[in-house]
Amino acid sequence: MSFAFRLRIAAAAAIIGTATLGTAFAQPDPAQIIRERREGLRAVGQHMEAIVAIVQSRGDARSAVPRVEAMQAFFTTFPGRFPANTQTGETRALPAIWTDAAGFTAAYNGAVAALGNLRTAAASGDVAALGQAAQATGATCGNCHRPYRAR
Ligand code: HEC
């Protein structure tokens, strides 16, 4: 559901004027937030796989730049995708995300830094450098998944 559409529903609920409806629609649906973050992460996984394929085929490192940028754009929005009401449901997010927010943030910062290096390596056109940076990036994904994502 688009943000604009959500806003329209909220407005409609306000016009109807029932407190219950107003409360239900004032916040984005937690199930929707979970779906969207999982879709985004799935796309991140696909970008990483495609970059590994570029490295393995000794392809054009520069062709990875748009994929890295798409991942960077997603991760810009990442911290906002874990409100407290998305701990349960169709999610593998572990409670440690909320009980150890500092650790989760540190893992996040590690991935963001690695993606910056990955962008630099891709733009350099050096496919060996891209391979090394992709490996380092992959390690930061694991650093978050091990403590904060259920198997
Ligand atoms: C700071 C933490 C963190 C970082 C960094 C991170 N992830 Fe994740 N990832 C998660 C969490 C939490 C989930 C589970 C989300 C859920 O189920 O709601 C997840 C889920 C996924 C999924 C499964 C999506 C689905 O279909 O449900 C994939 C694929 C994935 N991550 C790939 C990656 C890759 C690739 C990287 C590194 C480039 C990465 N992640 C970095 C925390 C992280």
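In this report, the structure presented in the accompanying data block is examined. Remember, it's a predicted structure, so these values are computed and weren't measured experimentally.

A word on the site of the ligand. Contacts to the ligand come from 22 residues, most closely from Arg-38, Thr-91, Cys-141, Cys-144 and His-145. At 2.8 Å, a side-chain N or O of Arg-37 approaches an oxygen atom of the ligand. Arg-42 is positioned with one of its side-chain polar atoms (N or O) 2.8 Å from an oxygen atom of the ligand. Where the shell around the ligand is concerned, the elements lending two or more residues are helix 3 (30-56), helix 6 (101-124) and helix 7 (127-148). A per-element tally of the shell around the ligand places helix 3 first, with 7 residues. Taken together, the residues of the shell around the ligand sort by class into 14 nonpolar, 3 polar and 5 charged.

Compared with an ideal rise of 1.5 Å per residue, which puts 27 residues at 39 Å, helix 3 spans 39 Å between its outermost C-alpha atoms and is within 8% of the ideal. Measuring from the side-chain oxygen of the N-cap residue of helix 3 to the backbone nitrogen of Ala-31 gives 3.2 Å; that N-cap residue is Asp-29. Positive backbone phi, at 50°, marks Arg-58, one or two positions downstream of helix 3.

Before going further, it helps to examine the nonpolar core. The biggest cluster of nonpolar side chains holds 29 residues, and the ones touching the most others in it are Ile-51, Met-71, Phe-75, Phe-78, Phe-104, Leu-118 and Leu-130. Where this core is concerned, the elements lending two or more residues are helix 3, helix 4 (65-77), helix 6 and helix 7. Sort the elements by how many residues they give to this core and helix 6 lands first, with 7 residues. What Met-71 contacts, discounting residues up to four positions off in sequence, is Val-44, His-47, Met-48, Ile-51, Leu-115 and Leu-118.

Once the charged atoms of two side chains with opposite charge are near each other, the side chains can pair. One pass over the structure, following the stated rule, counts 1 salt bridge. Between Glu-69 and Arg-119 there is a salt bridge, and its shortest N-O distance comes to 2.8 Å. Here Arg-119 lies in helix 6 and Glu-69 lies in helix 4, a separation of 50 residues in the sequence. Judged by relative accessible area, which is 35%, Glu-69 ranks as partly exposed. Judged by relative accessible area, which is 27%, Arg-119 ranks as partly exposed.

Basis of the calculations
Residues numbered from 1 in each chain as written. Predicted model: local features only at pLDDT ≥ 70, side-chain atom pairs only at ≥ 80, totals over all residues. Heavy atoms only, no water. Near = heavy atom within 4 Å. Polar contact = N/O pair within 3.5 Å; in protein donor to acceptor, adjacent residues only side chain to side chain. Helix = DSSP H or I, 4+ residues; strand = E, 2+ residues; numbered from the N terminus. Nonpolar A, V, L, I, M, F, W, Y, C, P; charged D, E, K, R; others polar. Expected span 1.5 Å × (residues − 1). Core = buried A, V, L, I, M, F, W, Y, C linked by side-chain atoms within 4.5 Å. Buried < 20%, exposed > 50% of the residue type's maximum accessible area, 1.4 Å probe, protein only. Contact = heavy atoms within 4.5 Å. Salt bridge = Lys/Arg side-chain N within 4 Å of Asp/Glu carboxyl O.

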